[in-house]
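# Fold and contact review
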Amino acid sequence: MKTRLITREGFDKLKAELDYLWREERPEVTKKVTWAASLGDRSENADYQYNKKRLREIDRRVRYLTKSIEQLRIVDYSPQQDGKVFFGAWVEIENDEGDLKRFRIVGYDEIFGRKDYISIDSPMARALLKKEVGDAATVETPLGPALWYVNAIDYPQ
């Protein structure tokens, strides 16, 4: 089950994508489908088939975004979070081998296309919640438990 939380930036990005798809891309693709359909035989009309497929993809994404946006809860930064790992934090961690990782803990809908974002539902994020700088977190992995130390915690403001 996905936690239905999102950062303010993530929410704004989803709203902008929905707005773009609905107000700009969909009307443009609809015009192309109408034009291609007017040419006659649709079975061999690549323009018609491609744009009709794109229209279905847009509609599917619009439905998903509309439903998601209604269910998401925006979590804004609060000064009480300072010093501990909570939703929206940038966290730098290090293991005993000296491997460093830096990422932001965000909602599921925000992680796509970003290598430096992890979901609040991930084992790593769950293990780090409420930890402070200097604390150790044990993360359950397929290869067994892994120990990570919190080096830094920052919140975008």
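Residues numbered from 1 in each chain as written. Predicted model: local features only at pLDDT ≥ 70, side-chain atom pairs only at ≥ 80, totals over all residues. Heavy atoms only, no water.

### Topic: the pairing of strand E3 (residues 90-94)
Put simply, the test is: Two strands are counted as paired when DSSP detects at least two bridges linking them. Secondary structure elements follow DSSP: runs of H or I no shorter than four residues count as helices, runs of E no shorter than two count as strands, and numbering proceeds from the N terminus.
Pairing geometry for E3 and strand E4 (residues 100-106), over five bridges, is antiparallel. Paired with glutamate 92 across the strands is arginine 102, a residue of E4. Between the end of E3 and the start of E4, which pair antiparallel, lie five residues, with glycine 98 showing a positive phi angle near 85 degrees.

### Let's talk about the sheet that holds strand E7 (residues 144-154)
The condition is simple: An axis is simply a line fitted to the C-alpha atoms; with a helix, the fit covers only the stretch in contact. Between two such axes, the angle follows the N-to-C directions and lies from 0 to 180 degrees.
Strand order in the open sheet made by the five strands is E5-E4-E3-E7-E6, with mixed pairing throughout. Of all the strands in the sheet, just strand E5 (117-119) and strand E6 (136-141) have a single pairing partner and so form its edges. Going across the sheet, the axis of each strand differs from the next one's by a mean of 45 degrees, ignoring polarity.

### Looking at the UniProt feature "domain: Transcription elongation factor GreA/GreB N-terminal" (unreviewed entry) in the protein
To keep things clear, this is the line we draw: UniProt positions are given in the numbering used here, feature names are shortened, and annotations may be inferred rather than shown by experiment.
Annotation from UniProt places "domain: Transcription elongation factor GreA/GreB N-terminal" (unreviewed entry) at residues 5-74. Annotated as residues 5-74, this span is 80% helix and 7% strand, and its ends, taken at the C-alpha atoms, are 6 Å apart.

### Details of the nonpolar core
Here is the rule we go by: Residue types Ala, Val, Leu, Ile, Met, Phe, Trp, Tyr and Cys, when buried and joined through side-chain atoms within 4.5 Å, form a set referred to as a nonpolar core. Exposure classes here rest on a 1.4 Å probe applied to the protein chains alone. A residue is buried below 20% of its type maximum, exposed above 50%, and partly exposed in between. Only heavy atoms matter for contacts: two residues are in contact if any of them lie within 4.5 Å across the pair.
In terms of nonpolar packing, the biggest core is built from 20 residues, with Val91, Ile93, Phe103, Ile105, Met124 and Leu128 touching the most fellow members. At the level of elements, E3, E4, helix H3 (123-128), E6 and E7 are the ones that each hand at least two residues to this core. Counting residues per element, this core draws most heavily on H3, which supplies four residues. Ignoring sequence-local partners within four residues, the contact set of phenylalanine 103 consists of Ala89, Trp90, Val91, Ile93, Asp116, Ile118, Met124 and Leu128. Formed by 16 residues, the second largest nonpolar core is a distinct cluster that contains Leu14, Leu21, Ala37 and Ile58.

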